Amino acid sequence: MFHKEGYKILGFSLLAFLIINILSYSFIDILWLQSAVLIITAVLFLLVVQFFRNPQRKTVINDSTIVSPVDGKVVVIEEVFEKEFFNEKRLQVSVFMSPINVHVTRYPVNGVVTYSKYHPGKYLVAWHPKSSEENERTTVVVKNKAFGEILYRQVAGALAKRIVNYAKVNDKAVQGDDSGFIKFGSRVDLYLPLNTKLNVKLNEKVKGGVSVIAKQ
């Protein structure tokens, strides 16, 4: 299953690679070179296909848990001062996505969207300390019964040139449902209450909509 954000790119890529191979077989008489072009374009197309995959995830919906919004690796767990929305200290948990990870963003909790804002910015590498404040990003806050307001932030990386965010103020957030997409390498930051009991550790690999980040 493919994410809808990839339909145009997949179609364009398939057409481009077909044209390249038609030209290759029309104008190149060397068999091994024709085969090399075919293999290279096939591999490139498979890479594009795997990037836009959208596997079905069976989320165990629970108001007392926070699930990972994305696939990747936990690269940050620390107390920080969140100044865009809360203006207070929060527990930040960041998940880094490599280009080979699924890049669908999912709602980490049930609730109602109370804040959603896009920020243009730079394209520093996603693990850069300033990326959460200076890179292109979107900030979404969901009000949940058990945890109160939870903020998650999609952050573009050096390769990510487009962030897609579906969350709008007053939307109903359903834990595990698609809330956006980030193209080509990035990270997502969660900002949680300081007393949140975490269920993950640094460098742990997580799955979006499945892995429990924290619980009551």
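Residues numbered from 1 in each chain as written. Predicted model: local features only at pLDDT ≥ 70, side-chain atom pairs only at ≥ 80, totals over all residues. Heavy atoms only, no water.

Caption draft 1: Quick look at the sheet that holds strand S2 (residues 72-82). Judged by pairing direction, the sheet is antiparallel, and its 8 strands sit side by side in the order S9-S5-S6-S7-S11-S3-S2-S13 without closing on themselves. Each of the sheet's edge strands pairs with one partner strand only, and the pair in question is strand S9 (172-173) and strand S13 (205-206). (Pairing = 2+ DSSP bridges. Helix = DSSP H or I, 4+ residues; strand = E, 2+ residues; numbered from the N terminus.)

Caption draft 2: Broad picture of the environment of His119. Here His119 shows up in strand S5 (residues 111-119). Note: C-alpha distance between His119 and Val155 (36 residues apart in sequence) is 9.6 Å. The residues contacting His119, other than those within four sequence positions of it, are Glu84, Asn135, Glu136, Arg137 and Thr139. One polar contact links His119 to Glu84, side chain to side chain, over a distance of 2.6 Å. (Contact = heavy atoms within 4.5 Å. Polar contact = N/O pair within 3.5 Å; in protein donor to acceptor, adjacent residues only side chain to side chain.)

Caption draft 3: Just a nonpolar patch on the surface, in detail. Together, Ile39, Ile40, Val43, Leu44 and Leu47 make up an exposed nonpolar region whose accessible area comes to about 450 Å². We classify Val43 as partly exposed; its relative accessible area is 43%. (Patch = residues over 30% accessible without salt bridge, like charges linked within 9 Å, V, L, I, M, F, W, Y side chains within 5 Å. Areas by Shrake-Rupley, 256 points an atom, 1.4 Å probe, with all protein chains shown as cover. Salt bridge = Lys/Arg side-chain N within 4 Å of Asp/Glu carboxyl O. Buried < 20%, exposed > 50% of the residue type's maximum accessible area, 1.4 Å probe, protein only.)

Caption draft 4: View of the packing of aromatic side chains. Here the structure, examined in full by the defined rule, presents 4 aromatic pairs. With a centroid separation of 5.1 Å and 50° between ring planes, the pair formed by Phe85 and Tyr115 is classed as tilted. Residue Phe85 is found in the loop between S2 and strand S3 (88-97), and its partner Tyr115 is found in strand S5; the two are separated by 30 residues along the sequence. Considering the side-chain rings of Tyr107 and Tyr152, the 6.5 Å spacing of their centres and the 85° angle between planes classify their relative orientation as edge-to-face. Remark: Tyr152 occurs in strand S7 (residues 148-156) and Tyr107 occurs in the loop between strand S4 (104-106) and S5; sequence separation between them is 45 residues. This pair shows no difference in class: Tyr107 is buried, exactly as Tyr152 is. Grouped by ring-pair contacts, the aromatic residues Phe85, Phe86 and Tyr115 constitute a single cluster. (Phe/Tyr/Trp six-rings, centres within 6.5 Å; stacked < 30°, edge-to-face > 60°.)

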